[in-house]
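The primary structure of each chain is shown beneath.
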Amino acid sequence: MLTSNSKDKERSLSFLCCWYLGRRRVAMLLLLSLAFVVFVLGSYTINKESSNSPNIHQSIETIEFGSNQTPLSRELFTGDSNNDHIRGSDVDIIHPPPPSHHPCDSFSFPPPPPPGLRRPGPRPCPVCYLSPEEALAHMPKHQFESPVLKNLTYIHEESPVKREEGQGGSEFGGYPSLEDRTNSFDIKEAMTVHCGFVKGTKPGHQTGFDIDEDILHELDQFHEVIVASAIFGKYDLIQEPVNIGEMARKNIPFYMFVDEETHSYLKNTSSYTEDNKRVGLWRIIVAHNVPYTDARRNGKIPKLLLHRLFPNVRYSIWVDAKLQLVVDPYQILERFLWRTNSSLAISRHYRRFDVFVEAEANKAARKYDNASIDYQVEFYKKEGLTPYTDAKLPITSDVPEGCTIIREHIPITNLFTCVWFNEVDRFTSRDQLSFAVARDKIREKVDWNINMFLDCERRNFVKQVYHRDVLMNMKPPRASSKVIPEPLALPRGKSVGGRATTGKKSSGQRGRKRHRKVSAGGKNIR
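Residues numbered from 1 in each chain as written. Predicted model: local features only at pLDDT ≥ 70, side-chain atom pairs only at ≥ 80, totals over all residues. Heavy atoms only, no water.

Throughout the structure, instances matching the rule amount to 3 disulfides. Here C104 pairs with C128 through a disulfide, and the sulfurs are 2.1 Å apart. Measuring the twist about the S-S bond at about -80°, one finds the C104-C128 disulfide to be left-handed. Here C128 lies in strand β2 (residues 127–130) and C104 lies in the loop between β1 (56–59) and β2, a separation of 24 residues in the sequence. The two residues C104 and C128 agree in class, both being buried. At a sulfur-sulfur separation of 2.0 Å, the disulfide partner of C195 is C418. The sign of the -80° torsion about the S-S bond sets the C195-C418 disulfide as left-handed. In this pair, C195 is assigned in the loop between β4 (190–193) and β5 (210–211) and C418 in helix α12 (residues 411–426), connecting sequence segments 223 residues apart. The exposure classification of C195 matches that of C418, with both residues buried. Take the cysteines of the chain that form disulfides and number them in order along the sequence; they join up as 1-3, 2-6, 4-5. (Disulfide = S-S within 2.5 Å. Helix = DSSP H or I, 4+ residues; strand = E, 2+ residues; numbered from the N terminus. Buried < 20%, exposed > 50% of the residue type's maximum accessible area, 1.4 Å probe, protein only.)

Printed below as a string of structure tokens:
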């Protein structure tokens, strides 16, 4: 028989065995958990490394509600194509063969910052660009097919007159009647519509918005791609594009339209001379006899009627003069047109989606006289315009941020910008108010869509600056003779970038708004 001491030892040994086995099970569970965490982090790292491969330029934006990797339905340029060499350029472009899989298929988005670290106001978001050479390889071999409309011509009339009482419009636009307006939305295979430049032998020659003869012939040249902008009334300062690749510099013309007032200002304040007619990359084109007293309305002529000024251009990128282009044009076209199989792309407004809300915002900001805005909106309301709701999906907005337009020049996009211009000519110059009406009336007749990408994506490839009048009125910083002592070193973890991490405002910050510029088009945000 076992003694009591022996029983106690046996119980102690059993207890130790159970305790040891329990510890081993816990250790195994911990090891399995650690292995799972390592697996997840490893997958994330591989995905992140693939999106940062040498073939991908990951800048500051791109978040879509759906997949942005729509496969192209059109053939791409390849090295075996008969169109390997682009006509009308100083240097031949050889298109390399495109990859079998799109490099941005593996692109992943970083998680949003915690609520306490989010910065207020509209900001860029990540975008996956191809390199300029890879982007060019994805240029479609054939034009986007224009639905229904195949042949578009324009009305010519040397002595246009108003035909309706109280009719808006201008002599430059030809005073289209309400019947003309209705017919311009009746999409047919062949159409003739009002589209500005109704007088003269060709756009820019005795039409109003006249262009010097020595430059006018340049506009007829063939180009695959152009970039265009305009300054009227000395309203902006010329912004030099940056991050433009060598291929784009040699083969993509950059055109800046100016009126005579701005031209005189340039001659006195920039590197412009009459010999080279250039400021940096921009080729300066002076428009004489501009048809409107409103400088912003004059700016809508090249903005919306580029296809009339450049009849032999395939693609164009419009950039308002208050913006600086910071991404190569080939990369922009690949991302917003070719990758999505689109013929026209424009960003939606970052905050407003409804025309009626946009109209009230314009009135509050005194963008135009209130009576004219009310008249335009009431006219659209009687035609059937309703506030934006989810019922319009997949249309995501009725209000564009229209400072950039990316388009292929084909009959349906040319018609769209013609009728959009006619609305600007008839009503107010606030093109955000008329965009949805022109778009929706065309979409009622044909299956055609506009790629309305996020505004934070637009803020990736352009950097916004102030208008000239704001810059001129800014007070220079006052020089101080006071010697500021070097701040004491803070303990680690107590500050970030020189700012306290408590989240409280300092006494100098209370009651003030802080505006920070974001560096667009690069990997780092400052």
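And the narrative resumes.
Let us look at helix α10 (residues 355–364). Of all the residues in α10, the buried ones are V355, E358, A359, N362 and K363. Summarising the axial view, the buried residues of α10 lie within an arc of 140°, below the 170-degree limit, and thus occupy one face. Of the surrounding secondary structure, the elements contacted by the buried residues of α10 are α11 (370–383) and α13 (431–443). For α10, the side-chain oxygen to backbone nitrogen distance between the N-cap and F356 is 2.9 Å, and the N-cap itself is D354. Positioned one or two residues after α10, R366 has a phi angle of 55°, which is positive. (Arc of directions from axis to C-beta. Contact = heavy atoms within 4.5 Å. Polar contact = N/O pair within 3.5 Å; in protein donor to acceptor, adjacent residues only side chain to side chain.)

Nothing here speaks to function; it is all geometry.
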